[in-house]
Amino acid sequence: AGLGGCVREPAEKIMPYIKDPADLVPGNALHYATSMTIDGYATGLVVESHIGRPTKVEGNPDHPASLGAAGVYEQASILQLYDPHRARAARLAGRKATWDELARALSPGFLHARVGARGAGLRLLLEPTSSPLTVMLLSRVATEYPDARVYFHAPLAAMVSRDTSRSIPGTALDNAVDTALVPQFDFSRAEVVVSLDADFLSAMPFHLRYAHDFAAQRRGMIAAQSSNRLYVAEPAPTPTGTLADYRLAASPASVAGVAAALSEAVEIITHAQNAQNNVLRDVPRVAAAMPISAAAQAWVDAAARDLVAHTGRGIVIAGPRQPTVVHALALAINTSLGNTGRTVWFTRDPVWQAGAPTHELSGLQAEIASGQVDTLLILGGNPAYNAPADLQFDRVLRSVPNTVYLSEYENETARAAASFVPASHYLESWGDARAYDGTISIVQPLIAPLYGGKTRDELLAVVAGMGTVSAHDLARESSRASHAGAGPFDAWWDETLRRGIVEGSAFARTSAAPARNTIGAPAAGVAPAGGSAPSRSAGDANSIELVFAPSAAVFDGRFADNAWLQELPDPITKLTWDNAALLSPALAARIGVASGDVITVSTRGRSLDVPALIVPGHADATVTLPLGYGRAGAEAVARGVGVNAYMLRSSDAPYVEAGVVLARTGRTHQLAVTQTHWTLEGRDIVHEVAVSDLARVPGAEQASATPPRQPPRRPLTLYEPPAPSAAGFGRDQWAMTIDLSLCTGCSACVVACQAENNVPVVGKAGVLQSREMQWLRIDRYYEGVAEAPRMISQPMLCQHCEKAPCEYVCPVEATVHSDDGLNEMVYNRCVGTRFCSNNCPYKVRRFNWFDYTSELAETERMAMNPEVSVRARGVMEKCTFCVQRLRRTQIDSELSGAPRTGPVMTACQQTCPTQAIVFGSLTDPNSDVTRLRDDPRSYAVLDELGTVPRVRYLARVTSAAIPTTPTTPTTSTTPTTSIEQTRSSLGPGDQPPS
């Protein structure tokens, strides 16, 4: 071990600047505002840059979609920028070509000869977009080629809410053929939230904003000794479901019955209280045709009474894969209870500007098959991979005489296209986009295109006859339309770039009651929504539904070559480097499989072999299969990981497929599940407290059946340190609190820590050996019965114990304690004995078994934070409380003469959408961390060991529903099974905790 530490790193040449760039101070990072779009909707970001290379992504506090937070995809996008597998060379008609050659071939002078004077043979396929610049360029293309057609495709871009919103009259937008409305929600004012298969805290547009507002409301109500209640009905557990006070495992088809029963229960209560006409009277009576279980009816009754008791202060939200009728029912309930106009309103849909939802892939496929298309421009996406299987789009695409494809990767679609253009990453691009509320967001680059990539707008400009205009000039010219004329444009443009948004550009709000006799019916002239879920009769108990879900790691497959995300444990299953068919314990027992058994999923003559993974709390008779895996392109990280679920997807049922058949294959597959690697299950580490007990101060005379947990007490010791505020004990004593009532387990903090601290990935083989390196993990715990367990997420990192067990066993004093309370690791002392890991009761230390960074490509090294050392093989590493941020802030404070250090934000704290993580100094009596450590909910994990952790947790607050009585007859439910009875069927990969 000692010899292993004697490593001389290879020499690396450095070159000084001949002339320093403006505003550059070596060692000081610069920050720029930009935006990242997914399925057309923009999220504002602030990106840190070190000497011209971006290294860290954070949320933009001024942007309405992020409010300073960032999700897993935004955090990991920095690694995507430096991906060495990105496309590097353009080609034209199968041969290498330059950009100028491609531009000539796409100019009107050449293209008119192929597609006709009016462009009858020209088609464009784009991802959904809200960019005003792109919309302007598409209009110019339409002027140049009047008969050309534009299509849009993204596998997870739902159109269902737009269909529903077209039944909303009363505004100037009513009956407009080119406009749709989308619902907006204010969770900061909602005291009761009912989610109908809507993962609004982690997977929907504006989810960062929703998580922030929901947590703010919950935090405020807990402080007032109350709690906002969350009801969730969903097929598979989600991060939103982990925070639910009342969660119902419901199959997708049964959600419509639950929604109908909820509307009927609300109508019964409100009609008894108010004899006036109620909009819910026009709701189709589908509840009788879709009976629900007794458990579902109890959930409905509790939710209905709670909603009515909080009239005007509730929200009913439907998920994107639910059919139009469910969205219409949610809209009607909100309107009936007075939520519309208060917590719910509507705006124009930013994506609708570019084209109606009827411009979908099936129409393009039909035109290609009929020979109407000569030239097809595919500007983004990967339709050959993610198109519904029944369209056979990869085969049809090869029949197009002239196909030009723009993408960051030589993927499945690139292999079917004759011409190819490398696309620039958003951190290399100029452009714009709108947030979900319509706010125009600026996209500006932080680095020149590494591989000569071009933007979608640059290609559209060429096709429109504008020549090879730079993306910067296009973005600047497009922004003139947003300039209100107040002051010089240049000054306005500079301020817009600085803030990253166009002030006052959000769409106007409108609130209107839904039209009678149209609730639940598709809008006239609008195709059925892609989210339609097939109905399933209650008597068809053996019918199994297949749910296609976005992957929490790779989304729809676009992030599949990102190693950070591939190794990120799923928030619920903790599965890495794979996808699996998620089953309930009851369904797994019925077909006789355990976790890791390979099953065949068959539907409509198509079949797919996929490993099974048993998930407590999953809906019965339902299988959930994440999309985005099974890639076969040039992306080396993504290739061969998981199975391609798109092979089972049909264009008429893109989200839910009914009547699938499951069969055992007799084979097994190793699943790299991390939950059991560092488990603390069976130990008293996660605590809850009822709302009714929040006012009971520890030690008070009044008794309680469930008293709050006593706050941690300092154990007796021979070396009692002075109080943190004592003179001479140091100016700062750093500590952290984590509120379990707010943590969704979304794992944005995990990726943020990885990006900030140069944490390496180890691959599936390393994860299978419990050698994952993340400094921060999110433990997931169950309690209750396997059919309906309560789920709690608990971030676990180095606790920075004041009496650290790791410190006194290290033979070389590599792990030591700092004056300001940090448990530090001195890497060049560590010889790899791993005694500290053995002695750590929290299992939060990671050993660097191999030199994981030695084989990184040159571009991948550019993603590393220069303020954090890159560890060599054979050392122990762990959370440092982002000590590099601490020391820099301390130096700045000393130079400025500030009375104390701060504020300081760790990477995990800064990115957390719900602000569940609070960090600060205990010597500041006014700091949030000091106040929260005195909260009655505060406790330390394994406090009885006497380690005195500097990390404290706030116990999860549970909320009791108001009394309910059934409003309609109910059907019986299947007997429940305890988690203990389910242990044997789950297999070794995912044992649930006690």
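Right above here is the structure, for reference.
What counts and what doesn't
Residues numbered from 1 in each chain as written. Predicted model: local features only at pLDDT ≥ 70, side-chain atom pairs only at ≥ 80, totals over all residues. Heavy atoms only, no water. Helix = DSSP H or I, 4+ residues; strand = E, 2+ residues; numbered from the N terminus. Buried < 20%, exposed > 50% of the residue type's maximum accessible area, 1.4 Å probe, protein only. Contact = heavy atoms within 4.5 Å. Areas by Shrake-Rupley, 256 points an atom, 1.4 Å probe, with all protein chains shown as cover. Disulfide = S-S within 2.5 Å. Pairing = 2+ DSSP bridges. Axes fitted to C-alpha atoms, helices over the stretch in contact; angles between N-to-C directions. Phe/Tyr/Trp six-rings, centres within 6.5 Å; stacked < 30°, edge-to-face > 60°. Expected span 1.5 Å × (residues − 1). Core = buried A, V, L, I, M, F, W, Y, C linked by side-chain atoms within 4.5 Å. Arc of directions from axis to C-beta. Lys, Arg positive; Asp, Glu negative; His and termini not counted. Salt bridge = Lys/Arg side-chain N within 4 Å of Asp/Glu carboxyl O. Parallel < 35°, antiparallel > 145°, perpendicular 65-115°, else oblique. Left-handed = near helix turned anticlockwise from the far one by under 90°. Nonpolar A, V, L, I, M, F, W, Y, C, P; charged D, E, K, R; others polar.

In terms of regular secondary structure, the chain is built from 27 helices and 38 strands. The proportion of buried residues among the 994 residues of the chain is 60%. In the chain, the share of contacts with a sequence separation of at least 24, taken over all contacts with a separation of at least 6, comes to 75%. Of the accessible surface of the chain, which amounts to about 37,500 Å², a share of 53% is contributed by carbon and sulfur atoms.

This brings us to the state of the cysteines. Here, disulfide denotes a covalent bond that connects the sulfur atoms of two cysteines. Scanning all chains against the criterion turns up 0 disulfides. Residue Cys840 stays outside any disulfide, its sulfur separated by 6.5 Å from that of Cys806, the closest cysteine. With no disulfide of its own, Cys879 has Cys798 as its nearest cysteine by sulfur position, at a separation of 5.9 Å.

A word on the sheet that holds strand β35 (residues 917–921). One open sheet holds the 4 strands; their spatial order is β35-β28-β37-β36, and the pairing between them is mixed. Because the sheet does not close on itself, it has two edges, and the strands there are β35 and β36 (938–939). In the sheet, β36 pairs with strand β37 (residues 951–954) via 2 bridges, with the strands oriented antiparallel. Across the sheet, residue Tyr939 finds its bridge partner in β37, namely Tyr953.

Bringing the sheet that holds strand β12 (residues 314–318) into the picture now. Sheet architecture is open: 4 strands sit in the order β11-β10-β9-β12, paired in parallel fashion. For this open sheet the edge positions go to β11 (246–249) and β12, each flanked by a neighbour on one side alone. Sheet twist, expressed as the mean angle between neighbouring strand axes with direction ignored, is 5°. Here strand β9 (residues 192–196) runs beside β12; their pairing, made up of 5 bridges, is parallel. Bridging across to β12, Val194 finds its partner in Val316. Taken strand by strand, helix α10 (residues 324–336) contacts β9 and β12, and its axis lies near 170° from that of β12.

Taken as a whole, this structure holds 22 aromatic pairs when the rule is applied. Seen from their ring centres, Phe187 and Phe200 are 4.5 Å apart, and the 0° between their planes marks the pair as stacked. One end of the pair, Phe187, is in the loop between β8 (181–185) and β9; the other, Phe200, is in the loop between β9 and α6 (207–223), and 13 residues separate them in sequence. Exposure remark for Phe200: the relative accessible area of 0% places this residue in the buried category. Between Phe489 and Trp492 the ring centres are 5.7 Å apart and the planes differ by 35°, which places this aromatic pair in the tilted class. Note that Phe489 and Trp492 are positioned in helix α17 (residues 489–499) at a spacing of 3 residues, about one turn of the helix.

Moving on, we get to α6. Helix length check: α6, at 17 residues, gives a terminal C-alpha distance of 24 Å against a target of 24 Å (1.5 Å per residue), a fit within 8%. Buried residues along α6 sit against β2 (41–50), β8, β9, β10 (229–234) and β38 (956–958). Phi turns positive one or two residues past the end of α6, at Gln225, with a value near 60°.

All right, on to the nonpolar core then. Ranked by internal contacts, the top residues of the largest apolar core, which has 91 residues, are Leu583, Ile599, Met736, Leu797, Phe881 and Tyr953. In terms of residue count, helix α1 (residues 72–81) provides more of this core than any other element does, 6 residues in total. Residues within four places of Met736 in sequence aside, it is in contact with Leu797, Phe881, Thr906, Cys908, Ile917, Val918, Phe919, Val929, Arg933, Arg950, Val951 and Arg952. Residues Ala250, Ala256, Ala259 and Leu307 belong to the second largest nonpolar core, which totals 33 residues.

This next bit is on the pairing of strand β14 (residues 375–379). Of all 5 residues in β14, 5 are buried; the element is thus mostly enclosed. Side chains of β14 alternate between two faces, with Thr375, Leu377 and Leu379 and Leu376 and Ile378 buried alike. Where strand β6 (residues 122–126) lies against β14, 5 bridges are found, and the strand directions are parallel. Bridge pairing in β14 places Leu126 opposite Leu379. Both β14 and strand β15 (residues 402–407) contribute to a ladder of 5 bridges, which runs parallel. Counted as the bridge partner of Leu376 is Thr403 from β15.

Those residues of helix α3 (residues 108–115) that sit buried are Pro108, Leu111 and Val115. Along the axis of α3, the buried positions cluster into a sector of 70°, meaning they face one direction only. Projecting away from the buried face of α3 at angles above 90 degrees are the exposed residues Gly109, Phe110 and Ala113. Those residues of α3 that are buried are in contact with α2 (99–106), β6, α4 (132–144), β14 and α15 (456–463). Of the residues trailing α3, Gly116 is marked for its positive phi of about 95°.

With that out of the way, let us pick up the side chain of Arg771. The topology assignment puts Arg771 in the loop between α21 (763–768) and β29 (777–783). Nearest to the buried, unbridged Arg771 among oppositely charged side chains is Glu772, at 8.8 Å. The contact partners of Arg771, leaving out residues within four places of it in the chain, are Val762, Gly766, Trp849 and Phe850.

This next bit is on the environment of Gly241. By the element assignment, Gly241 lies in helix α7 (residues 239–242). On the accessibility criterion, Gly241 (4% relative accessible area) is buried. Separated by 46 residues in the primary sequence, Gly241 and Ser195 have C-alpha atoms spaced 9.0 Å apart. Residues within four places of Gly241 in sequence aside, it is in contact with Val232, Glu234, Arg247 and Met791.

Another aspect to go through is the packing of α2 against α15. It is the contact of α2 with α15, at a shortest axis distance of 8 Å, that shows an interaxial angle of 45°. Compared by their axis directions, α2 and α15 come out oblique. At the point where α2 passes α15, the crossing takes the right-handed sense. Residues Trp99, Ala103 and Leu106 of α2 form the contact with α15, whose own contacting residues are Glu458, Leu459, Val462 and Val463. Residues of the contact of α2 with α15, tallied by class, amount to 6 nonpolar, no polar and 1 charged.

Once that is clear, we can look at the pattern of salt bridges. This structure, assessed with the given rule, holds 43 salt bridges. The residue Arg123 makes a salt bridge to Glu367 at a minimum N-O spacing of 2.5 Å. Within this pair, whereas Arg123 is found in strand β6, its partner Glu367 is found in helix α11 (residues 361–369), the two being separated by 244 residues in sequence. For the pair formed by Arg123 and Glu367, the shared burial category is buried. Within the structure, one salt-bridge network assembled from shared partners comprises Asp39, Glu127, Asp556 and Arg558.

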